[in-house]
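These are the residues of each chain, in order.
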Amino acid sequence: MSEQAVIAGRKIRVLIVDDSAVVRNILERELSRDPGIEVVGTAPDPYIARNKIVQLQPDVITLDIEMPRMDGVTFLRKLMKHFPLPVIIVSSLTKQGGELALEAMQAGAVEVMCKPGEAYTVGDMSVQLVDKIKAAAQVQVAKRDTSALAGTAPVVRLAMTQTTHKVIAIGSSTGGTEALAAIFTAMPANAPGTVIVQHMPENFTRSFAERLDNLSEMEVKEAETGDTVAPGRALLAPGNRHMVLRRSGARYYVEIKDGPLVGRHRPSVNVLFRSVAQYAGRNAVGVMLTGMGADGAKGMKLMKDAGAMNIAQDEASCVVYGMPKEAVAHGGVDHVVSLDRIPRYIIDLAQQ
């Protein structure tokens, strides 16, 4: 499929909502370079955005969080209830921005990006934002009343009959924050040591790790070089850094690295999975969750060739069936499973 045929033979229509004229101009200029995207308008606040949404009928909205008159999260909740559209949060690179971005994703945003600045050049940001817009355009967003969300269903936690020192390696992107939340809510306190790459910017990953830690009986933290991979612990790759698995004797640990974008990503699932194939081999279980693109497909095949058992999320439960589909196509997957069954498969395969 060509870039210009992303939505039924036409360009993806994007509305940019941000109170900064500088940011609006940068985003409009960078997005307009892509032949598959048309910026149909910009808005400095949610009130103007509301009118332009009705008038311009965009396919995707980029939304700042901290704005005058109405904050982005409040606007998003109203939008999801009355006029649902795929929304990408474009937020400042701060801890508070990360926490608010996660709140926005719980309210229905499909992706999160950081504004260009010290950590992300305009070039890196624009490459990733274009990819995220193309992923978001594929998402079918249903109306949701955020006052009636999560917390109503009882939590069902699994149990392990024996502790294992196998390594679980997980890769995810678009839709992955909610998929990971569902998995870690179900995992027992003695679940196998886990390493995760979720495509997110820095500070956002720190806030997300804290959210998973609050949901899970496992310890979940943003990874640091030297952190041990051990039962009951999950390590999330920091945004804007690659993470690799290492081994010293019987001890697995992680190393956090700088480096170029790999397959347009930093952190990259392929980078993590290749290291898992090298250092864990048949002592690993791979999991590929929802996301656009092919990141991780080659690495998962290397894991399988090294003896690992691998799971891919099925199409019906994915927000975007891209990364799992590519992993299957590359021959790296043993089991294709719906999201609600993945925790049980992880436990069963880890105990084999």
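Up top is the structure these notes are about.
Described in the following lines is the structure provided in the data block. These numbers were taken from a predicted model, which means no experiment stands behind them. (Residues numbered from 1 in each chain as written. Predicted model: local features only at pLDDT ≥ 70, side-chain atom pairs only at ≥ 80, totals over all residues. Heavy atoms only, no water.)

## Some words on the nonpolar core
In summary, soluble globular proteins display a tendency toward joint burial of nonpolar side chains.
So, step 1. Ile-61, Leu-63, Ile-89, Phe-184 and Ile-342 are the most contacted members of the largest nonpolar core, which totals 60 residues.
So, step 2. Excluding its chain neighbours within four sequence positions, the residues that come into contact with Ile-89 are Leu-63, Ile-65, Ala-101, Ala-104, Ala-109, Glu-111, Val-112 and Met-113.
So, step 3. By size, the runner-up hydrophobic cluster in this structure holds 28 residues, among which are Ala-223, Val-254, Ala-280 and Ala-308. (Core = buried A, V, L, I, M, F, W, Y, C linked by side-chain atoms within 4.5 Å. Buried < 20%, exposed > 50% of the residue type's maximum accessible area, 1.4 Å probe, protein only. Contact = heavy atoms within 4.5 Å.)

## Quick look at helix H5 (residues 122–136)
So, step 1. The terminal C-alpha atoms of H5 lie 20 Å apart, and with 15 residues this matches the ideal 21 Å at 1.5 Å per residue to within 8%.
So, step 2. Counting buried residues along H5, eleven of its 15 residues qualify, which places the element largely inside the surrounding structure.
So, step 3. All buried positions along H5 are accounted for by Met-125, Ser-126, Gln-128, Leu-129, Val-130, Asp-131, Lys-132, Ile-133, Lys-134, Ala-135 and Ala-136. (Helix = DSSP H or I, 4+ residues; strand = E, 2+ residues; numbered from the N terminus. Expected span 1.5 Å × (residues − 1).)

## Side note on the environment of Val-127
So, step 1. Within the element layout of this structure, Val-127 appears in helix H5.
So, step 2. A sequence separation of 137 residues divides Val-127 from Arg-264, and the C-alpha atoms of the two residues are 7.2 Å apart.

## Some details on the sheet that holds strand E9 (residues 228–229)
So, step 1. Pairing in this open sheet of three strands is antiparallel, and the strands run E9-E12-E11 from one edge to the other. Unpaired on one side and paired on the other, E9 and strand E11 (242–248) mark the two borders of the sheet.
So, step 2. Running at roughly 10° to E11, helix H8 (residues 269–279) makes contact with E11 and strand E12 (251–257) of the sheet. (Pairing = 2+ DSSP bridges. Axes fitted to C-alpha atoms, helices over the stretch in contact; angles between N-to-C directions.)

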